[in-house]
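Report on the structure
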Amino acid sequence: MTFRNGLASLLRPEDSVLVLIDHQPYQLANLNSHEPHMVINNTTGLAKAAKAFGVPTILTSVIADRGGLLFPQITDVFPGQEVIDRTFVNTWEDKKVVDAVKATGRKQLIIAGLWTEVCVAMPAIQAAGEGWDVTVVTDASGGSSVEAHQVAIQRMIAAGVNMITWLAVASEWQRDWARTEHVAELSELLIQHVGGSGIALLWEQQLLNTPVPKKAG
């Protein structure tokens, strides 16, 4: 196995392309590896981070007439963008999706979707075998059971796929706090989608804007 390490292995917004796969009601109905609201929250945060950093994002569903439309929390981040609806279970066998990814000219392929063991593992393993630098966002994905999710992760790692969580993606894209052009958007992401850290940030802002009490007399 070739180890993934070194500075060049970290994600860069200018080299990344994100594919969000099958975040639909049917799949969510049998999501048992995570709390459903957490996956919705994390995927929405990931989508917003991609938009903030200018990372091209491909949205795709499978037989939406029966499985339902992508969660509006995701599509609202990209108003008016086409959602590519497929019949292939394996997204990487769908020419329209693959052509859309290739058209970006990026080689760091980031994938999240439902379910991990099916609609994430298949394209991740195929794309990795075709030479793409593939990363799967595990907490913006989920499986039909804890075992299914975990076994899929093990299988993908064995195939050379990198694993990461959504906030780590945003952090690698930011990389240096001296890069201030996205700090405001990241701060809003923390407030909306990162629980305690977001509340702590709001508290810090409150304290910074609270006048220091004057001494009596």
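Our subject is the structure listed above.
Before going into details, it helps to say that this report is about the structure given with it. Predicted model only: the values in this text are computed from it and were never measured.

Residues of helix α8 (residues 166-174) that are buried: Trp 166, Val 169, Ala 170, Glu 172, Trp 173 and Gln 174. Packed against the buried residues of α8 are β1 (16-21), α2 (36-52), β4 (108-113), β5 (133-137), β6 (162-164) and α9 (183-193). One or two residues past the end of α8 sits Arg 175, with phi positive at roughly 65°.

A word on the nonpolar core. One finds Leu 20, Leu 46, Val 137, Val 169 and Trp 173 to be the most contacted residues of the largest nonpolar core, which totals 34 residues. Within the residue set of this core, elements represented by two or more residues are β1, α2, β4, α8 and α9. Tallying contributions element by element places α2 first for this core, with 7 residues. Residues Ile 58, Val 97, Val 101 and Val 120 belong to the second largest nonpolar core, which totals 23 residues.

Most of strand β2 (residues 57-62) sits inside the fold, with 6 of its 6 residues counted as buried. Pairing geometry for β1 and β2, over 4 bridges, is parallel. Within the sheet, the bridge partner assigned to Val 19 lies in β2 and is Ile 58.

With respect to the element layout, Ser 61 can be found in strand β2. Classification of Ser 61 as buried rests on a relative accessible area of 2%. Reaching out from Ser 61, the side chain makes a polar contact with the side chain of Asp 85 at a distance of 2.6 Å. Excluding residues within four positions of it along the chain, Ser 61 makes contact with Asp 22, Gln 24, Leu 70, Val 83, Ile 84, Asp 85 and Arg 86.

On to the packing of aromatic side chains. Applying the stated criterion across every chain, the model contains 3 aromatic pairs. Aromatic side chains Tyr 26 and Trp 115 sit 6.4 Å apart centroid to centroid with 40° between the ring planes, which places their arrangement in the tilted category. With Tyr 26 in helix α1 (residues 25-29) and Trp 115 in the loop between β4 and α6 (116-129), this residue pair connects regions lying 89 residues apart in the sequence. With relative accessibility at 17%, the residue Trp 115 sits in the buried group. Centroid distance Trp 92 to Trp 132: 5.5 Å. Interplanar angle 80°. Geometry classified as edge-to-face.

Read from one edge to the other, the open sheet built from 6 strands follows the order β3-β2-β1-β4-β5-β6, with strand pairing classed as parallel. Of all strands in the sheet, those bounded by a partner on one side alone are β3 (83-86) and β6. Recorded for the sheet is a direction-independent mean angle of 25° between the axes of neighbouring strands. Judged from the 3 bridges that link them, β5 and β6 form a sheet pairing that is parallel. For Val 136, the partnering residue across the bridge sits in β6 and is Met 163. Sitting on the sheet, α8 is in contact with β1, β4, β5 and β6, with an inclination near 100° to β6.

Glancing now at helix α5 (residues 95-103). For α5, the set of buried residues is Val 97, Val 98 and Val 101. Buried residues in α5, looked at end-on, bunch into an arc of 95°, giving them a common side. Residues of α5 that are exposed and angled more than 90 degrees away from the buried face: Lys 95, Lys 102 and Ala 103. Those residues of α5 that are buried lie in contact with β1, β2, β3 and β4. Two or three places before Lys 96, at the opening of α5, Asp 94 has a side-chain oxygen 3.1 Å from that residue's backbone nitrogen. The positive-phi residue at the C-terminal boundary of α5 is Gly 105, with phi of around 75°.

Basis of the calculations
- Residues numbered from 1 in each chain as written.
- Predicted model: local features only at pLDDT ≥ 70, side-chain atom pairs only at ≥ 80, totals over all residues.
- Heavy atoms only, no water.
- Buried < 20%, exposed > 50% of the residue type's maximum accessible area, 1.4 Å probe, protein only.
- Helix = DSSP H or I, 4+ residues; strand = E, 2+ residues; numbered from the N terminus.
- Contact = heavy atoms within 4.5 Å.
- Core = buried A, V, L, I, M, F, W, Y, C linked by side-chain atoms within 4.5 Å.
- Pairing = 2+ DSSP bridges.
- Polar contact = N/O pair within 3.5 Å; in protein donor to acceptor, adjacent residues only side chain to side chain.
- Phe/Tyr/Trp six-rings, centres within 6.5 Å; stacked < 30°, edge-to-face > 60°.
- Axes fitted to C-alpha atoms, helices over the stretch in contact; angles between N-to-C directions.
- Arc of directions from axis to C-beta.

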